[in-house]
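Close look at the chain arrangement
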Amino acid sequence: MALATRTDKRPSLPRTVWDSTVGKKTVMAVSGLLMLAYLVAHMYGNLKIFFGPGTFDGYAHWLRVVGEPFLHYTWALWIIRVVMAAAVVAHAVTAYQLSRRDRAARPTKYVHRKARTSYATRTMRWGGVILGLFIVWHILDLTTGTVQPGFVPGHPYANVVAAFHEWWNDVIYIVAMLALGLHIQHGFWSAAQTLGAGSKTRDRTFKTLANLLALVLTLGFVAVPVAVMTGLVS
Amino acid sequence: MRLTLRIWRQANADAEGAMTTYEIDGITEDMSFLEMLDALNEKLILAGDTPVAFDHDCREGICGACGVVINGDAHGPERTTTCQLHMRHFEDGDTIDVEPWRAGAFPVVKDLVVDRSAFDRIIGSGGYVTAPTGAAPEAHATAVPKPAADSAFEHAECIGCGACVAACPNGAAMLFTSAKVNHLNVLPQGAPERETRVLDMVARMDEEGFGGCTLAGECATACPKGIPLTSITSMNREWLRATRKAGR
Ligand code: FES
């Protein structure tokens, strides 16, 4: 009475993860959480603008020298940039592959259609694309200054004020931050489910946490252009 | 009641289908949705037309054979199976749209009948317990903790009707697969195959062409048996655990 035993060799861990929809979602969750952690720090740093040019520019300078003398000048910043770039790419590639798969899995639409899922859930894909485009604009605007005529490297306070003096630039930033809030609201909670952290009893906690993160980040980021627009920061 | 039905008619898997309109009278509110379709079919047969093909078997909400999309909702407006849905949930003069489950992995066979054998293949890949056959084991030989028994029972309620796939905007079978994985993985009897089960069933689910989960939650809303969305979370946890173990 011998039982059949499995002796076949299983694929390696990276292969298993990459070949599976659940694995790809895990990549999305982890990269998303990395970006989220970065955003919290980014937003916190931005708020230093309310303490004047000295504090803000000083903080920007510190970001370049942090970790010295172990790390060289700007190395810490570059490490973060590389990790973030990798996270964005991983997030986007898996999202693209999964979306294509999802469309193929539902080739025929229902004749009787209903809008049912929440706005945040429905806008994850296009919202993500908008955020990707925004990141490009944001880097060209306030990191390299390519699209900002009067950009002076090393003077972030003046650059931020100059950038937000353009009303259309304020619109771009505020719309992008609203999109970010929606993305995080569904994204954070989803990541918790994907990583298996959620449960019936913890569901409320994760939903509240997702709403809180979305709200705090959106308000925190939007505060800067609004402050410049209203003349609070000048 | 007098109703206007718009039903998906498709002669076979390769034929072009279309929504076809029928008028029907004499429907009482105590009829089930399937009895209403029976009444329509009687009329069609007497008129020399081909009756509407739809799946059904037990008609008491336990087999999972029935299932159509009614006005955009899998199994219609109530949280129950199509066979257990009664016409009292509709109004006289209503127009009702009836469509088959729509998913790449569930091709239409005829009219409202779809091929759901992809589910059987997911079960075949690990939704069982390998045990030597023989006399039934002594009931007290394996102690099952109460929470595990409750959880297993909750997941075992899945009747495999496919409403989760039909409702999912991505045509994903995550709720079905998770119900089947969790049902056995929480029990001591399922423990020896705990890792291979979740890995193989998820892999099979992907191979069958089901979509991925975006946690839209449509599946859990449509499920006539109330399998919770967190069932998917539990399966993800099992999958990650098994992947880590297999990687060692
Ligand atoms: S016919 Fe069996 S569940 Fe509906």
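Naming follows an unreviewed UniProt entry, where chain B appears as Succinate dehydrogenase/fumarate reductase iron-sulfur subunit of Streptomyces montanisoli.

In the nomenclature of an unreviewed UniProt entry, chain A is known as Succinate dehydrogenase cytochrome b subunit of Streptomyces montanisoli. Its UniProt record, at the heading Subcellular location (unreviewed entry), says of chain A: "Membrane".

**Considerations on the pairing of strand 1 (residues 3–9) of chain B**
Consecutive side chains of a regular strand alternate in pointing toward one face of the sheet and then the other. Residues and elements named next belong to chain B. Where burial is concerned, most of strand 1 is hidden: 6 out of the 7 residues are buried. As paired strands, strand 1 and strand 2 (residues 18–24) are joined by 7 bridges and run antiparallel to one another. Residue pairing across strands places leucine 3 opposite isoleucine 24, the latter belonging to strand 2. Bridging between strand 1 and strand 5 (residues 95–99) involves 4 bridges; their strand directions are parallel.

**A word on a nonpolar patch on the surface**
All names here are of chain A. A cluster of nonpolar side chains, Val30, Leu34, Trp75, Ile79 and Val83, forms an exposed patch at the surface whose accessible area comes to about 450 Å². The set of elements that each furnish at least two residues to the nonpolar patch consists of helix 2 (21–46) and helix 4 (75–105). For the nonpolar patch, the leading source of residues is helix 4, giving 3 residues. One can find tryptophan 75 in helix 4.

**Points about the side chain of lysine 48 of chain A**
All names here are of chain A. The residue lysine 48 is located in the loop between helix 2 and helix 3 (53–65) in this model. This buried residue, lysine 48, is left without a salt bridge; aspartate 57 holds the nearest opposite charge, at 12 Å. Here lysine 48 is in contact with Thr55, Phe56 and Tyr59, once residues within four sequence places are set aside.

**What to know about the packing of aromatic side chains**
Residue and element names in this part refer to chain B. Taken as a whole and assessed by the stated rule, the structure comprises 11 aromatic pairs over all chains. The interplanar angle of 75 degrees and the centroid separation of 5.2 Å between the aromatic rings of phenylalanine 106 and phenylalanine 119 together place this pair among those described as edge-to-face. Of this pair, phenylalanine 106 sits in the loop between strand 5 and strand 6 (108–110) while phenylalanine 119 is found in helix 2 (residues 117–124), placing the two residues 13 residues apart along the sequence. A relative accessible area of 1% places phenylalanine 106 in the buried class.

**A look at the UniProt feature "transmembrane region" (unreviewed entry) in chain A**
Residues and elements named next belong to chain A. The feature "transmembrane region" (unreviewed entry), as annotated in UniProt, sits at residues 27–45, 75–98, 119–140, 171–191 and 212–233 in this numbering. The span residues 27–45 is 100% helix and 0% strand, and its two end C-alpha atoms sit 27 Å from each other. Helix makes up 82% of residues 212–233 and strand 0%, with an end-to-end C-alpha separation of 26 Å.

**Comments concerning the interface of chain B and chain A**
With 52 residues of chain B at the interface, the matching set in chain A holds 42 residues. Between chain B and chain A, the buried area comes to about 3700 Å², and carbon and sulfur atoms account for 56% of it. Among the residues of chain B in contact with chain A, Arg102, Leu215 and Trp239 of chain B are the three that bury the most area, contributing 15% of the side total. Scanning the region where chain B abuts chain A turns up 3 salt bridges. Across the pair glutamate 154 of chain B and lysine 200 of chain A runs a salt bridge whose closest N-O atoms are separated by 2.8 Å. Viewed at the interface, chain A and chain B are joined by 23 residue pairs in polar contact (both at pLDDT 80 or more). Secondary structure elements with two or more residues in the side of chain B that touches chain A: strand 5, helix 4 (163–167), helix 6 (194–207) and helix 8 (230–247) of chain B. At 10 residues, the largest contribution of residues to the side of chain B that touches chain A is made by helix 8 of chain B. When the residues that make up the side of chain B that touches chain A are grouped by side-chain class, the tally is 24 nonpolar, 16 polar and 12 charged.

**Quick notes on the environment of threonine 196 of chain B**
Here threonine 196 of chain B lies in helix 6. Spatially, the C-alpha atoms of threonine 196 of chain B and alanine 242 of chain B are 7.5 Å apart, while their sequence positions differ by 46 residues.

**Details of the packing of helix 2 of chain B against helix 5 (residues 174–185) of chain B**
Residue and element names in this part refer to chain B. Viewed as axis vectors pointing N to C, helix 2 and helix 5 meet at an angle of 30 degrees, and their least axial separation amounts to 11 Å. If you check the angle between helix 2 and helix 5, you find them roughly parallel. Relative to helix 5, helix 2 is oriented so that their crossing is right-handed. Residue-level contacts link Phe119, Ile122 and Ile123 of helix 2 to Phe176, Thr177 and Lys180 of helix 5. Class assignment for the residues of the contact of helix 2 with helix 5 results in 4 nonpolar, 1 polar and 1 charged.

Parameters and conventions
- Residues numbered from 1 in each chain as written.
- Chains lettered and ligands numbered in written order.
- Predicted model: local features only at pLDDT ≥ 70, side-chain atom pairs only at ≥ 80, totals over all residues.
- Heavy atoms only, no water.
- UniProt positions renumbered as here; feature names shortened; annotations may be inferred.
- Buried < 20%, exposed > 50% of the residue type's maximum accessible area, 1.4 Å probe, protein only.
- Helix = DSSP H or I, 4+ residues; strand = E, 2+ residues; numbered from the N terminus.
- Pairing = 2+ DSSP bridges.
- Patch = residues over 30% accessible without salt bridge, like charges linked within 9 Å, V, L, I, M, F, W, Y side chains within 5 Å.
- Areas by Shrake-Rupley, 256 points an atom, 1.4 Å probe, with all protein chains shown as cover.
- Salt bridge = Lys/Arg side-chain N within 4 Å of Asp/Glu carboxyl O.
- Lys, Arg positive; Asp, Glu negative; His and termini not counted.
- Contact = heavy atoms within 4.5 Å.
- Phe/Tyr/Trp six-rings, centres within 6.5 Å; stacked < 30°, edge-to-face > 60°.
- Buried area = accessible area lost by both parts, 1.4 Å probe.
- Polar contact = N/O pair within 3.5 Å; in protein donor to acceptor, adjacent residues only side chain to side chain.
- Nonpolar A, V, L, I, M, F, W, Y, C, P; charged D, E, K, R; others polar.
- Axes fitted to C-alpha atoms, helices over the stretch in contact; angles between N-to-C directions.
- Parallel < 35°, antiparallel > 145°, perpendicular 65-115°, else oblique.
- Left-handed = near helix turned anticlockwise from the far one by under 90°.

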